[in-house]
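Structural overview for review
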Amino acid sequence: MNFLDKMKNRYTVKKYNPQGKVSEEQIAALKEILNLSPSSINSQPWNFIFVNDPELKKQLADKSYFNKEKILDSSHLIVFQALKNPEDFEKQIEGVLPEGSVAYYKNFVKPKGETEIKSWLKHQVYLSLGVLLSACADMEIDSTPMEGIEPEGYDAILNNEKYETLFAVTIGERDEADSNQPKFNPKTRLKAEKVILEA
């Protein structure tokens, strides 16, 4: 199956098979792929927390609204976090990024103020979500991106001091009866000519 066919086959899983586990080799590959995610000026203002411990998954599931069952039945939960404090970000990039990249941040991002800086940092983390979902599709790992969680609750549990939770992704194996599968619930998208333009 080529990549296009795999993307046609991927969907947001609503029900997982609790016995379906993602292999250690696949997890290692996903970690490396996430670490290779692109970001503006190579800023990388993120942490990706892979949660496999059943008790920790249960605690996080309790802070996940209607996504609780997906988390409990999935193989792993991946939590995406961004640096909270622009000062910590500035310390991270000083002496690490090329002078031109640091100058871009100082001249074009920083003058916009703290609210805009934080928004910019969060946008970088969202870039990595697309990378992960595409990688999962290619590796035929089922996935569910989730903003339907309580970020503050996650932060209290994970206690990753300098970072804040933005969203999470469950990965695993779909339940064969999952009604959201394309064979039961065909994908609907806007017509390509409405969203893919040429200039």
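What counts and what doesn't
Residues numbered from 1 in each chain as written. Predicted model: local features only at pLDDT ≥ 70, side-chain atom pairs only at ≥ 80, totals over all residues. Heavy atoms only, no water. UniProt positions renumbered as here; feature names shortened; annotations may be inferred. Buried < 20%, exposed > 50% of the residue type's maximum accessible area, 1.4 Å probe, protein only. Helix = DSSP H or I, 4+ residues; strand = E, 2+ residues; numbered from the N terminus. Arc of directions from axis to C-beta. Salt bridge = Lys/Arg side-chain N within 4 Å of Asp/Glu carboxyl O. Polar contact = N/O pair within 3.5 Å; in protein donor to acceptor, adjacent residues only side chain to side chain. Contact = heavy atoms within 4.5 Å. Pairing = 2+ DSSP bridges. Phe/Tyr/Trp six-rings, centres within 6.5 Å; stacked < 30°, edge-to-face > 60°. Axes fitted to C-alpha atoms, helices over the stretch in contact; angles between N-to-C directions.

For the protein chain, an unreviewed UniProt entry supplies the name NAD(P)H-dependent oxidoreductase and the organism Chryseobacterium viscerum. Quoted verbatim from the Sequence similarities (unreviewed entry) heading of the UniProt record, the comment on the protein chain is "Belongs to the nitroreductase family." Quoted verbatim from the Cofactor (unreviewed entry) field of UniProt, the annotation for the protein chain is "FMN".

Examining helix α6 (residues 99-109)
When we look at burial in α6, the residues that qualify are Ser101, Val102, Tyr105 and Val109. Relative to the axis of α6, the buried residues are bounded by an arc of 100° and lie together on one face. Of the exposed residues in α6, the ones pointing more than 90 degrees away from its buried face are Glu99, Gly100, Asn107 and Phe108.

Some points on the environment of Pro18
Counting through the fold element by element, Pro18 comes out in the loop between α1 (3-9) and α2 (24-35). A residue is classified by how much of its surface remains accessible, and Pro18, at 35% relative accessible area, is partly exposed. C-alpha separation for the pair Pro18 and Ser43, spaced 25 residues apart in sequence, amounts to 36 Å.

Brief notes about the pattern of salt bridges
Evaluated as defined, the whole model comprises 9 salt bridges. One salt bridge connects Glu94 with Lys106, and the closest N-O pair in it is separated by 2.9 Å. Of this pair, Glu94 sits in the loop between α5 (86-93) and α6 while Lys106 sits in helix α6; the two residues are 12 residues apart in sequence, bridging distant segments of the chain. The partly exposed category is assigned to Lys106, whose relative accessible area is 41%.

Digging into the side chain of Ser37
Inspection of the secondary structure puts Ser37 in the loop between α2 and β1 (46-51). You can call Ser37 buried: its relative accessible area is 4%. At 2.8 Å, the side chain of Ser37 and the backbone oxygen of Leu34 are in polar contact. Ignoring any residue separated from it by four or fewer positions in sequence, one finds Ser37 in contact with Trp46, Ser128 and Val131.

A closer look at the pairing of strand β2 (residues 76-83)
With respect to burial, β2 is a largely interior element, 8 of its 8 residues being buried. Bridge count between β1 and β2: 6 bridges; the pairing is antiparallel. Counted as the bridge partner of Asn47 is Gln81 from β2. Where β2 and strand β4 (residues 163-172) come together, 8 bridges link them in antiparallel fashion.

Things to note about the packing of aromatic side chains
Enumeration over the complete set of coordinates arrives at 8 aromatic pairs. Measuring from centroid to centroid gives 5.3 Å for Phe48 and Phe80, while their planes differ by 75°, and the two rings are edge-to-face. Taken together, the residues Phe48 in strand β1 and Phe80 in strand β2 connect sequence positions 32 residues apart. The same class applies to Phe48 and to Phe80, which are both buried. Aromatic side chains Tyr126 and Phe167 sit 4.5 Å apart centroid to centroid with 40° between the ring planes, which places their arrangement in the tilted category. A residue pair is termed long-range when its members are at least 10 positions apart, and Tyr126 in helix α7 (residues 114-139) and Phe167 in strand β4 qualify at 41 residues. Overall, Phe167 belongs to the buried group, its relative accessible area being 1%. What links up through ring pairs into an aromatic cluster is the set Trp46, Phe48, Phe80, Tyr126 and Phe167.

Concerning the sheet that holds strand β3 (residues 142-146)
Read across the open sheet, the 4 strands follow the order β1-β2-β4-β3; overall the sheet is antiparallel. Two strands close off the open sheet at either side, each with one partner strand: β1 and β3. Ignoring which end each strand starts from, the neighbouring axes of this sheet average 25° apart.

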